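Fold and contact review
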Amino acid sequence: MARWCYRHRLVVLLLWLGALFGLGAASSAAGTNYANVFSLPNTDSTTAYDLMEKAFPERAGDTDTVVWKVDEGSVRDDSVRSRIEPALAEIGRMKGVGEVTDPYAAQGAAQISRDGRIAYAQITFTEQANAIPIEVIEDVVDTAQAAEQGGLQVELGGQAIARTQEPPQGIAEAVGILAAAVVLFLAFGSLFAMLLPIVVAIAGVGTGMIATMLMSHVTDVPEVAPLLGSLIGLGVGIDYALFIVTRHRRGILRGMKPQEAAVTALNTSGRAVLFAGGTVCIALAGMLVMNMRFLDGVVVATSLTVVLSVLAAITLLPALLGLLGMRVLSRAQRRRLAAAGPEPAESSGLAARWSSYVQKRPRPVAAMAVVVMAVLAIPVLSLRLGATDQGNHQETTTTRQAYDLLAEGFGPGVNGPLQVVVEGDAPPGLVNGIKSAEGVAQVAALPPANGVTVIQVVPATSPQSERTDRLIDRLRDDVIPQSGSEAHVGGVTAVFKDFASVTADRLPYFVATIIALGFLLLMVAFRSLVVPLTAALMNLIAAAASFGVLVAIFQWGWGTELIGVGKEGPITSFLPVIMLSLLFGLSMDYQVFLVSRMHEEWVHTKDNARAVRVGLAETSRVINSAALIMICVFSAFVLSGDMEGAMAGIGLAAAVALDAFILRTALVPAAMHMLGNANWWLPGWLEKRLPHLAVEPKEEEPVAQEAEPVPAGRSSVVHGFIRGADGEPVEGAAVTLLTTGGRRLDGVTSLADGSYIVSVPAPGTYLLAASAESYGSRAGQVVVTQGPLVYDVELAEGEVDAVN
């Protein structure tokens, strides 16, 4: 397929453009129909919600609030009414507004505070918040705030009003892409190579986002789902393209033609990308175990975006590589290649030195990494799940000020009232029991409607207070049973409390499922029990530390106003499930790319120390580059204007940073050095029963140049001397000839004068590795033509020459 996409690049480009513009046109015509279905099957709040729909089917639209306060006097003064009443009347006549409840009407006395300084009106729209034209909402805000004057403050709150405060769509994505572009340019040194991952990621995320918009008409997709989809899609889309482009450029530098380099890159790194993308989707699908309807739409949006990002990487990317040809290299690289021919792979000096350091001091490195992760994980012990609301918005926003004014005038509980719902008439004992319950500020029983009675209960504490949670438990466990009636407690606060309870109950099963799945996948891929066990433990450590960072910032409030995300509060109840799914998938990506190279070296040398050292040296740079890109993309979602998006962005950025820079480059290799050959142990009976899964198959052996046909049976040799930095011969050095895919062809030990000779089966490009105990190791590329090749190797003490 890679070869076909490369050769038919214009067809592939037209297909992708057609899909993008076709889906875009359909989405523009159909619009969106996002639905925040915060209900759980078989919970008390869901039953209450269903009964309320039966009682008030006409109240389907979003309800928002206009709040005003006077510095002196009363809101009943004529000077205030003369400004507020015309504004409310004008709002009531607007298209899209269904009803306005006026505190100055006969039944509106409860909407004026006891001191008479604060009042509010409720605006009920004809549609839900996401379906109301933004122009209508802006007209409501402008009309209400036009009534302000000296001494009269007017603020607005509600889901629809909050839409006017959202930054323009795409700012977070644009900032993330710009930051990723800078990292890519520094990594590649080529403008065209830098653009490739960006274009591929935009294509995958763009089609994924538009497809999600269309799917919102056939299934419940929450408003936060496209944001999370773009967040994970941009991260994995850029990273997957980065892995493939890196392998493609390496192939060209080794003397391959662009087409063969692209095919080899897709057959190796492309297969690994398929495996990694599959693990991310499987991890996301694990959210279905939670049986939360709200998460179903998140699974659809994020999985669809990941699938399309992978599809773009394995189809659109080879087509773009075909368009660029040699321009995927920088001009300096092309000049060097033309002048000097295929060059040996450059050593990654810093990565090699770090890898050697970890090998020499695994215990201190592991201990330091564990201490850092443990300290960062401490805040997770105080993790509290709940819901964010407009009280968490920044202090300068009108929604936050409206929230604070309502709390000041009517008590903090007015921002999150509860509804006790009863079929038929409410027994007097129930109403009286609620009134006398601890933590209740106000109670009002509404007249029965459609055979259902709703009792409005205003708690004495805020929606996010633990005392409000205890009040809900008290109503359900004591007050309602004692009244002898069958009633149900609902409302947004009760719904999120049920979300938190169900999440806490089911989370261990969810974690066990995704950890077990990852264990099985890695065991099959790497034929080991210890490697997947280590990966599972690292996933748990990464999750604990990243949630510790999340708690410190968003729950404890360390820097929330500084980064522009408002006031501290509980962690959104559904966020742990989403974050664990994404974290599991991303950690699996890094584990696969790191350990696959170690496993390859282990298969050929059976030397664990060398396998871990070389694997870390050769993969840490690309893993760290990929992690840095993800950190940039995820951190940019603080600018999304959405609290859940900011939490997910900061949490995932912290998780990726800790996973890549501490776990995969320090703790994992240090632990593998300490475990030794036990890393690769697998019982014989299990080995026979496990299916074989090649994450990254061996590369085809590239031919460096067009050579004359070689007669059957003809072979050649590579010979030379192994010397130290000062020119002294190195005796007893292990010299190995390998294919570019890592398969061992021949191996010898250098003689007393440092000389060696290895046989070569045919002209082509090979890898020659040399190592000695007191000198370290070095590997380089050799190109054999018709005759013997002389190739001297210089070894330096403690050196690892990593082949990228």
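Rules used in this analysis
Residues numbered from 1 in each chain as written. Predicted model: local features only at pLDDT ≥ 70, side-chain atom pairs only at ≥ 80, totals over all residues. Heavy atoms only, no water. Patch = residues over 30% accessible without salt bridge, like charges linked within 9 Å, V, L, I, M, F, W, Y side chains within 5 Å. Areas by Shrake-Rupley, 256 points an atom, 1.4 Å probe, with all protein chains shown as cover. Salt bridge = Lys/Arg side-chain N within 4 Å of Asp/Glu carboxyl O. Helix = DSSP H or I, 4+ residues; strand = E, 2+ residues; numbered from the N terminus. Buried < 20%, exposed > 50% of the residue type's maximum accessible area, 1.4 Å probe, protein only. Lys, Arg positive; Asp, Glu negative; His and termini not counted. Charge placed at Lys NZ, Arg CZ, Asp CG, Glu CD. Expected span 1.5 Å × (residues − 1). Contact = heavy atoms within 4.5 Å. Phe/Tyr/Trp six-rings, centres within 6.5 Å; stacked < 30°, edge-to-face > 60°. Pairing = 2+ DSSP bridges. Core = buried A, V, L, I, M, F, W, Y, C linked by side-chain atoms within 4.5 Å. Axes fitted to C-alpha atoms, helices over the stretch in contact; angles between N-to-C directions. Polar contact = N/O pair within 3.5 Å; in protein donor to acceptor, adjacent residues only side chain to side chain. pLDDT = per-residue confidence, 0-100. Parallel < 35°, antiparallel > 145°, perpendicular 65-115°, else oblique. Left-handed = near helix turned anticlockwise from the far one by under 90°. Nonpolar A, V, L, I, M, F, W, Y, C, P; charged D, E, K, R; others polar.

So, on to a nonpolar patch on the surface. On the surface, a cluster of nonpolar side chains totalling about 630 Å² of accessible area is made up of Val182, Phe185, Leu186, Leu191, Phe192, Leu195 and Val199. Elements with a contribution of two residues or more to the nonpolar patch: helix H7 (171-188) and helix H8 (191-215). By residue number, the principal contributor to the nonpolar patch is H8, which donates four residues. Note on placement: Phe185 falls in helix H7. A relative accessible area of 39% places Phe185 in the partly exposed class.

Let us look at the pattern of salt bridges. Taken as a whole and judged by the stated rule, the model has eleven salt bridges. With its nearest N and O atoms 2.8 Å apart, the salt bridge here joins Glu260 to Arg3. Placement of Glu260 in helix H10 (residues 258-285) and of Arg3 in helix H1 (residues 2-7) is noted, with a sequence separation of 257 residues between them. On the basis of relative accessibility, which here comes to 28%, the residue Glu260 falls in the partly exposed class. Arg400 is the partner of Glu395 in a salt bridge, and the nearest nitrogen-oxygen pair spans 4.0 Å. Glu395 sits in the exposed class, given a relative accessible area of 51%.

On the surface, Glu90, Glu135, Glu138, Asp139 and Asp142 cluster together into a patch of negative charge. A per-element tally of the negative patch places helix H5 (residues 134-145) first, with four residues. Looking at where Glu138 falls in the secondary structure, it is placed in helix H5.

Here helix H9 (residues 224-253) contains 30 residues, and its C-alpha end-to-end distance of 44 Å stays within 8% of the 44 Å for a straight helix at 1.5 Å per residue. Within H9, 28 of the 30 residues are buried, which leaves it mostly tucked inside the rest of the structure. The positive-phi residue at the C-terminal boundary of H9 is Gly255, with phi of around 105°.

With that settled, the discussion passes to the side chain of Thr572. Topologically, Thr572 is positioned in strand E10 (residues 571-572). Ignoring anything within four residues of it in the chain, the contact list for Thr572 reads Leu385, Gly386, Thr388, Glu644 and Met647.

Our focus in this paragraph is the packing of aromatic side chains. Tallying each qualifying case throughout the model produces six aromatic pairs. Centroid distance Trp354 to Tyr357: 5.6 Å. Interplanar angle 20°. Geometry classified as stacked. Taken as a pair, Trp354 and Tyr357 lie in helix H13 (residues 349-360) at a separation of three residues, close to a single helical turn. Overall, Trp354 belongs to the partly exposed group, its relative accessible area being 34%. For Tyr357, a relative accessible area of 36% translates into the label partly exposed. Taking 6.1 Å as the distance between ring centres and 35° as the angle between the ring planes, the aromatic pair formed by Phe496 and Phe499 counts as tilted.

Sheet topology places strand E7 (residues 440-445) next to strand E8 (residues 452-459); five bridges connect them, and they run antiparallel. Residue pairing across strands places Ala445 opposite Ile455, the latter belonging to E8. Here E7 hands over to E8 after six residues, with Asn450 in that stretch at a positive phi of 55°.

A few words now on the nonpolar core. Ranked by internal contacts, the top residues of the largest apolar core, which has 158 residues, are Met287, Leu295, Phe554 and Phe634. Residue contributions to this core peak at 20 residues, all from helix H22 (residues 643-675). In this structure, Val97, Tyr104, Ile112 and Leu156 belong to the second largest nonpolar core, which totals 30 residues.

With antiparallel pairing, the four strands of this open sheet are ordered in space as E2-E3-E1-E4. On the outer flanks of this sheet lie strand E2 (97-101) and strand E4 (152-157), each paired with one strand and no other. Going across the sheet, the axis of each strand differs from the next one's by a mean of 20°, ignoring polarity. In this fold helix H4 (residues 78-92) packs onto strand E1 (63-70), E2, strand E3 (118-125) and E4, with an angle of close to 155° to the strand it touches most, E2. Along the sheet face, H5 touches E1, E2, E3 and E4 and points at about 160° away from the line of E4.

With that out of the way, let us pick up the side chain of Ser581. Structurally, the position occupied by Ser581 is in helix H20 (residues 575-605). Reaching out from Ser581, the side chain makes a polar contact with the backbone oxygen of Val577 at a distance of 3.1 Å. Setting aside chain neighbours within four positions, we find Ser581 in contact with Ala283, Leu284, Met287 and Phe510.

Confidence in the prediction of the chain, expressed as mean pLDDT, is 83, and 92% of residues score 70 or more. Of all the helices and strands in the chain, strand E19 (residues 799-800) carries the lowest mean pLDDT, 52, while helix H14 (residues 362-377) carries the highest, 95. Low pLDDT, under 50, characterises residues 698-713; the predicted model gives this stretch 33 contacts beyond four residues in sequence or across chains.

As a further point, take the sheet that holds E7. An order of E7-E8-E6-E9 is seen for the four strands of this open sheet, with the pairing classed as antiparallel. With partners counted over all chains shown, the strands left at the sheet margins are E7 and strand E9 (487-490), one partner each. Across the sheet, the mean angle separating the axes of adjacent strands is 20° when strand polarity is ignored. As paired strands, strand E6 (residues 418-423) and E8 are joined by six bridges and run antiparallel to one another. Bridged to Gln419 within E8 is Gln456.

What follows concerns the packing of helix H2 (residues 9-30) against helix H11 (residues 293-324). As a packed pair, H2 and H11 sit with axes 8 Å apart at the nearest point and diverge in direction by 140°. As far as their axial angle goes, H11 and H2 are oblique. Viewed along their axes, H2 and H11 form a crossing whose handedness is left-handed. When H2 is examined against H11, the residues Arg9, Leu10, Val12, Leu13 and Trp16 are found in contact with a partner set consisting of Leu308, Leu311, Ala312, Thr315, Leu316, Ala319, Leu320, Gly322 and Leu323. Taken together, the residues that form the contact of H2 with H11 break down as eleven nonpolar, two polar and one charged.

Take the packing of H8 against H11 next. Contact pair H8 / H11: the axes reach a minimum separation of 8 Å and the direction vectors enclose 145°. Handedness of the crossing formed by H8 with H11: right-handed.

Here the focus is H8. The terminal C-alpha atoms of H8 lie 36 Å apart, and with 25 residues this matches the ideal 36 Å at 1.5 Å per residue to within 8%. Where H8 starts, the residue carrying a side-chain oxygen 3.3 Å from the main-chain nitrogen of Ala193 turns out to be Ser190.

Turning next to the environment of Trp680. Tracing the backbone shows Trp680 in the loop between H22 and helix H23 (684-689). For the pair Trp680 and Val603, spaced 77 residues apart in sequence, the C-alpha to C-alpha distance is 9.6 Å. Residue contacts for Trp680: discarding those within four places in its chain leaves Phe526, Arg527, Ser528, Val531, Val595, Met598, His599, Trp602, Asn608 and Met672.

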